[in-house]
Amino acid sequence: MKKSVYTEELTEKFLKKYVPVAKHVLVQSLDEAESAAKKLGFPLVLKIISPQALHKSEIRGVRFVKDFEELMHEYEDLNSIADEKKISLKGILVQEYIEGSFVLIGLKKDPVFGHVLAFGIGGIYTELLKDVSFRVCPITEKDAEAMIQELKMKDLLLGYRGSEAVNMKLLKKTMVAVSRIPLKHKDIEELDINPFVINSKKGFVVDGRMVL
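Fair warning: this is a prediction, and the values are worked out from it, not measured in the lab. Starting afresh in each chain, residues are numbered from 1 along the sequence in its written order. Under the rules for a predicted model, residues below a pLDDT of 70 receive no local features and side-chain atom pairs below 80 are neither given nor counted, while totals for whole chains, interfaces and linings still include all residues. Hydrogen atoms and water are omitted, and side-chain values are computed over all heavy atoms in the structure.

**Q** Talk me through the environment of Leu 156; I want residue IDs and the actual numbers.
**A** Helix and strand assignments follow DSSP, with helices taken as H or I runs no shorter than four residues and strands as E runs no shorter than two, numbered in order from the N terminus. With respect to the helices and strands, the residue Leu 156 is situated in helix α6 (residues 155-158). Spatially, the C-alpha atoms of Leu 156 and Ser 101 are 7.3 Å apart, while their sequence positions differ by 55 residues. Residue contacts follow a heavy-atom distance rule, with two residues in contact if any of their heavy atoms lie within 4.5 Å. Excluding residues that lie within four positions of it along the chain, Leu 156 makes contacts with Ser 101 and Ile 121.

What follows is the structure in structure tokens.
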């Protein structure tokens, strides 16, 4: 793998060998987007894919759609944003919509400790909340449990005011799997899975970014 920053589509292609990834199709036209929607089913999420738009939410590059009329409108709007911002577009990602809690699972290559796993509350509030725990890779399921318990907002995952707890077995298994990736790929400088969306039954990578 050459040294570079991987877009979401390339990162998720890499990750699906190790952890569950939401179904998606990278499309180049509205016709292709409509075909993908027929295959995946609504609701869906549309995303701008470009090396110049790695933080898509900052340019309104992520859209939720629930029918073909919204798909057409939002697809055209995303292309207009790419033109307006002069972004080199690799395509639009059409992705299945997953309901659940957002968590961050990441890797960082530290000059002293080697690869370190980060785990915390994910989504657009990650930087605001800064609710994250860390361990040197690779970790065990016991380590994963301890990392979850360290979070101030762990009740969002354990069940809060009648909401169902997330699938803890799957969450810990996923954290362990990510922590073991550097054993095979020592050249990874950074890996951000944000979010990994998980509910009481299943969980999937919904957005990812990697630096090699």
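**Q** Outline the nonpolar core, listing residues and values.
**A** Of all hydrophobic cores here, the largest spans 34 residues; its most connected members are Phe 119, Leu 171 and Met 175. It is helix α7 (residues 168-184) that contributes the most residues to this core, seven residues altogether. Sequence-distant contacts of Leu 171, that is, excluding residues within four places in its chain, are made with Val 103, Phe 119, Ile 148, Leu 157, Val 166 and Ile 198. We define the nonpolar core as a collection of buried residues of types Ala, Val, Leu, Ile, Met, Phe, Trp, Tyr and Cys that are connected through side-chain atoms lying within 4.5 Å of one another. Here the term buried applies to any residue with accessible area under 20% of the maximum for its type, exposed to any over 50%, and partly exposed to those in between, with areas from a 1.4 Å probe on protein chains only.

**Q** Residue-level account of the packing of helix α5 (residues 141-150) against α7, with values.
**A** The interhelical angle for the contact between α5 and α7, taken along N-to-C directions, is 110°, at an axis separation of 9 Å. Overall, the two elements α5 and α7 adopt an arrangement that is roughly perpendicular. α7 is crossed by α5, and the crossing has right-handed handedness. Across from Glu 141, Ala 144, Glu 145, Met 147 and Ile 148 in α5, the residues of α7 making contact are Met 168, Leu 171, Lys 172, Lys 173, Met 175 and Val 176. Only Asp, Glu, Lys and Arg are considered charged in this grouping, and only Ala, Val, Leu, Ile, Met, Phe, Trp, Tyr, Cys and Pro are considered nonpolar; every other residue, Gly among them, is considered polar. The class makeup of the residues in the contact of α5 with α7 is seven nonpolar, no polar and four charged. Every axis corresponds to a line fitted to the C-alpha atoms, with the helix fit spanning only the stretch in contact, and the corresponding angles, defined between N-to-C directions, vary from 0 to 180 degrees. Oblique is the label for any angle not covered by the other classes, which are roughly parallel (under 35 degrees), roughly antiparallel (over 145) and roughly perpendicular (65 to 115). Handedness of a crossing is defined here by the sense of rotation of the near helix relative to the far one, left-handed for an anticlockwise turn of less than a right angle and right-handed for a clockwise turn.

**Q** Report on the pattern of salt bridges, specifying residues and quantitative values.
**A** Here, a salt bridge means any side-chain nitrogen of Lys or Arg that lies within 4 Å of a carboxyl oxygen of Asp or Glu. With the rule as written, the count across this model stands at 11 salt bridges. With its nearest N and O atoms 2.8 Å apart, the salt bridge here joins Lys 66 to Glu 70. We classify Glu 70 as partly exposed; its relative accessible area is 23%. For Lys 172, the salt bridge identified is with Glu 145, shortest N-O distance 3.0 Å. Residue Lys 172 is found in helix α7, and its partner Glu 145 is found in helix α5; the two are separated by 27 residues along the sequence. For Lys 172, a relative accessible area of 17% translates into the label buried. With a relative accessible area of 28%, Glu 145 lands in the partly exposed category. One network of salt bridges, with partners in common, ties together Glu 8, Lys 47, Lys 56 and Asp 207.

**Q** Report on the environment of Gly 41, specifying residues and quantitative values.
**A** Looking at the secondary structure, you find Gly 41 in the loop between α2 (30-40) and β3 (44-49). Taking relative accessible area as the criterion, Gly 41 reaches 26% and is therefore assigned partly exposed. In the structure, Gly 41 is positioned 54 residues away from Gln 95 in sequence and 9.6 Å away in space, judged by C-alpha atoms.

**Q** Can you tell me about the side chain of Glu 8, naming the residues and giving the values?
**A** Checked against the element boundaries, Glu 8 lands in helix α1 (residues 8-15). On the basis of relative accessibility, which here comes to 2%, the residue Glu 8 falls in the buried class. Whenever two N or O atoms come within 3.5 Å, that pair is a polar contact, provided that in protein one can donate a hydrogen and the other can accept it, and provided that, for residues adjacent in sequence, both atoms are side-chain atoms. Within the structure, Glu 8 has its side chain in polar contact with the side chain of Lys 56 (distance 3.0 Å). Once you skip the residues sitting within four places of it in the chain, Glu 8 turns out to touch Lys 47, Ile 49, Lys 56, Leu 93, Gln 95, Val 206, Asp 207 and Gly 208.

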